[in-house]
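# Descriptive structure summary
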Amino acid sequence: MKRFDKPILVTRPYLPDLEEVKKGCDEIWENQWLTNNGPMLKKFQKALSEYLCVPETNMALFNNGTLALELGYYAMGLSGGDVITTPFTFVATSHALKRIGATPIFADIDPETLCLDPAKAEKLITPRTKAIVPVHVYGNACDVDGFERLGEKYGVKIIYDAAHAFGVKPLVVCGDMSMYSFHPTKLFHSCEGGLLVFKDETVQEKLFELRNFAIRSEMECVDVGSNAKMNELQALMGLECLKKIDCLLDYRQKIYMAYKEVFDGCDSVKLIDKSCNKAYVPVLLKDFVARERVYTELQEKCNVFSRRYFYPLLTDFAPYVYGQRCCPIAEDLASRVLALPTYYGLPIEDVKSIAENVLEIVG
Ligand code: T4K
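### Description of the overall build of the protein chain
When you go through the protein chain residue by residue, the secondary structure sums to 12 helices and 14 strands. Along the longest, intermediate and shortest principal axes, the C-alpha atoms of the protein chain span 70 × 55 × 35 Å. A total of 363 residues make up the protein chain; the buried ones form 55% of that total. Counting contacts in the protein chain only where the partners sit at least 6 residues apart, residues at least 24 apart contribute 68% of the total.

Spelled out as structure tokens, the structure:
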């Protein structure tokens, strides 16, 4: 079994060319403008609009994905209502609902995509339901047609947590709103950051106000807003990373293919192959015991730090225990899943060795 000299972490952020970043810093220093809708933010917004093919009127940038979600949910009027969502996600999906006074109701996931199952969600719709929040988990596409039908049939909003789905162009314009996280653990980042893309452009003004305390003018504060503005250094980092987005996406595909080559035909390690952007490389092990063994031995024997995304399930965490045992598929998959290292620059030879180590551990 190969032991790496230096630890291999589940992910490392892409760091753009420092000289280019310094040039951008010169511009920021020149402007003496550091945050509050500055020129670098406007440049970043324009570049994203071109890359995503979404008009600038239908997007808003934030200082992180969690606040983007929180203010997006709030602007869509979800406070005080029930919102059907998945327990198989990062805590932020549901925390942001709770923080605006909405109640997450958990429905089970599709065993193939690991995303919320529209049929399971439909069974939980009641007159209190204001929205459904599916998550394109790992960059796996949700059943967007299925959710669109539910949105039309029941008049509920469909808001995607697309934190993992940057670079998947067909998913950009679906539902009423989508949120992208630009955290450094994502394949594309702006140090920290979040983006909302929305169908109804009239929401933009509300979001711009909400991210700036809901201050409309020197004399007017119109709601209980937050401080969720992306600053100029974040925008610069985002701009520089966006220049390399095609390479970042290509490299993830190469890593994925290297894992696939080793795991192909193996019954005890099943690569989840639904991800459109290969943002993560999750595998399913035979059972909980096998997963825990791989997780521990990779660390102890190989110096490889995989992660159990997403275990425990949200419904095992204190704020959401009321949803425990409603989602048997999610419970089963969370107990067997393991995300293996993937990031730009991880040598392909190392990927093969990690995969071979995993096979050796499972025997
Ligand atoms: N919705 C979903 C579905 C999400 O997955 C997330 C975030 C959100 C919403 C919220 O978006 P943000 O508000 O974050 O924009 C990480 C991230 O903190 C979190 O952004 C992410 N999801 C979640 C899945 O993973 P941890 O606790 O695993 O992060 P941490 O610090 O343990 O880092 C993971 C690995 O990356 C470590 O091995 C170290 C390495 N790393 C990390 C950072 C930050 C680096 O090498 N350099 C770095 O700068 O939560």
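### What about the pattern of salt bridges?
In the structure shown here, the tally under the stated rule is 19 salt bridges. Here Lys206 ties to Asp223 by a salt bridge, and the two come within 3.0 Å at their closest N and O atoms. Residue Lys206 is found in helix α7 (residues 203–210), and its partner Asp223 is found in the loop between β10 (220–221) and α8 (232–242); the two are separated by 17 residues along the sequence. In this structure, Glu292 engages Arg291 in a salt bridge whose closest nitrogen and oxygen atoms are separated by 2.8 Å. In this structure, Glu292 and Arg291 share a single accessibility class: buried. What emerges from the salt-bridge pattern is a single network uniting Glu20, Lys23, Glu240 and Lys243.

### A short note on the site of the ligand
The local shell around the ligand holds 27 residues, among which Arg12, Thr66, Asp161, His164 and Tyr309 are the closest. At 2.9 Å from an oxygen atom of the ligand is found a main-chain nitrogen or oxygen belonging to Gly65. Thr66 has a polar side-chain atom sitting 2.6 Å from an oxygen atom of the ligand. When the free accessible area of the ligand is taken as 930 Å², the share hidden by the protein chains comes to 77%. The cavity where the ligand resides is the largest pocket. Going through the elements one at a time, α3 (65–75), α4 (92–99) and β7 (177–181) are the ones with two or more residues in the shell around the ligand.

### Some remarks on the nonpolar core
Phe88, Tyr138, Phe166 and Phe182 are the most contacted members of the largest nonpolar core, which has 73 residues in total. Here this core spans two domains, and each of domain 1 (18–242) and domain 2 (245–362) adds at least three residues to it. Counting residues in hydrophobic clusters, the runner-up holds 30 residues, among them Tyr259, Phe263, Val269 and Ala355.

### Regarding the packing of helix α1 (residues 18–31) against helix α2 (residues 39–52)
α2 packs onto α1 with a crossing angle of 135 degrees between their chain directions and a minimal axis gap of 10 Å. Taken together, α1 and α2 sit at an angle that is classed as oblique. Where α1 abuts α2, its residues Gly24, Glu27, Ile28 and Asn31 lie against Pro39, Met40 and Lys43. The class makeup of the residues in the contact of α1 with α2 is 3 nonpolar, 2 polar and 2 charged.

### Description of a negative patch on the surface
On the surface, Asp143, Asp145, Glu148 and Glu152 cluster together to form a negatively charged patch. For Asp143, the position within the fold is in the loop between β5 (129–133) and α6 (144–154). Classification of Asp143 by relative accessible area gives partly exposed; the value is 38%.

### What about the sheet that holds strand β14 (residues 337–340)?
The antiparallel open sheet is built from 3 strands, whose spatial order is β11-β12-β14. Bordering the open sheet on either side are β11 (269–271) and β14, each of which pairs with just one other strand. Each neighbouring strand pair of the sheet contributes to a mean axis angle of 35 degrees, computed without reference to strand direction. Where β11 lies against strand β12 (residues 281–285), 3 bridges are found, and the strand directions are antiparallel. By the bridge assignment, Val269 is partnered in β12 with Leu285.

### Some points on α3
For α3, a buried count of 8 out of 11 residues is recorded, marking the element as mostly surrounded by other parts of the structure. Where α3 begins, the side chain of Asn64 points an oxygen toward the backbone nitrogen of Thr66, at a separation of 3.1 Å. Two residues or fewer after α3 comes Gly77, characterised by a positive phi angle close to 80 degrees.

### So, unusual backbone geometry
Omega for the peptide link from Tyr309 to Phe310 comes to 5 degrees, which places this bond in the cis form. Turning to its location among the elements, Phe310 is positioned in the loop between β13 (304–305) and α11 (328–334). Backbone torsion omega between Tyr311 and Pro312 reads -5 degrees, so that peptide bond is classified as cis. Backbone geometry at Cys191 places phi at a positive 70 degrees, although glycine is not the residue there. By secondary structure assignment, the location of Cys191 is in the loop between β7 and β8 (194–198). Residue Cys191 is classed as partly exposed on the basis of its relative accessible area of 38%.

What counts, and at which threshold
- Residues numbered from 1 in each chain as written.
- Predicted model: local features only at pLDDT ≥ 70, side-chain atom pairs only at ≥ 80, totals over all residues.
- Heavy atoms only, no water.
- Helix = DSSP H or I, 4+ residues; strand = E, 2+ residues; numbered from the N terminus.
- Buried < 20%, exposed > 50% of the residue type's maximum accessible area, 1.4 Å probe, protein only.
- Contact = heavy atoms within 4.5 Å.
- Salt bridge = Lys/Arg side-chain N within 4 Å of Asp/Glu carboxyl O.
- Near = heavy atom within 4 Å.
- Polar contact = N/O pair within 3.5 Å; in protein donor to acceptor, adjacent residues only side chain to side chain.
- Areas by Shrake-Rupley, 256 points an atom, 1.4 Å probe, with all protein chains shown as cover.
- 1 Å grid on protein atoms, 1.4 Å probe; cavity = no way out; pocket = protein on both sides within 12 Å on 5 of 7 lines; lining within 4 Å.
- Sits in = over half its atoms within 2 Å of the grid points.
- Core = buried A, V, L, I, M, F, W, Y, C linked by side-chain atoms within 4.5 Å.
- Domains from an automatic or database assignment.
- Axes fitted to C-alpha atoms, helices over the stretch in contact; angles between N-to-C directions.
- Parallel < 35°, antiparallel > 145°, perpendicular 65-115°, else oblique.
- Nonpolar A, V, L, I, M, F, W, Y, C, P; charged D, E, K, R; others polar.
- Patch = residues over 30% accessible without salt bridge, like charges linked within 9 Å, V, L, I, M, F, W, Y side chains within 5 Å.
- Lys, Arg positive; Asp, Glu negative; His and termini not counted.
- Charge placed at Lys NZ, Arg CZ, Asp CG, Glu CD.
- Pairing = 2+ DSSP bridges.

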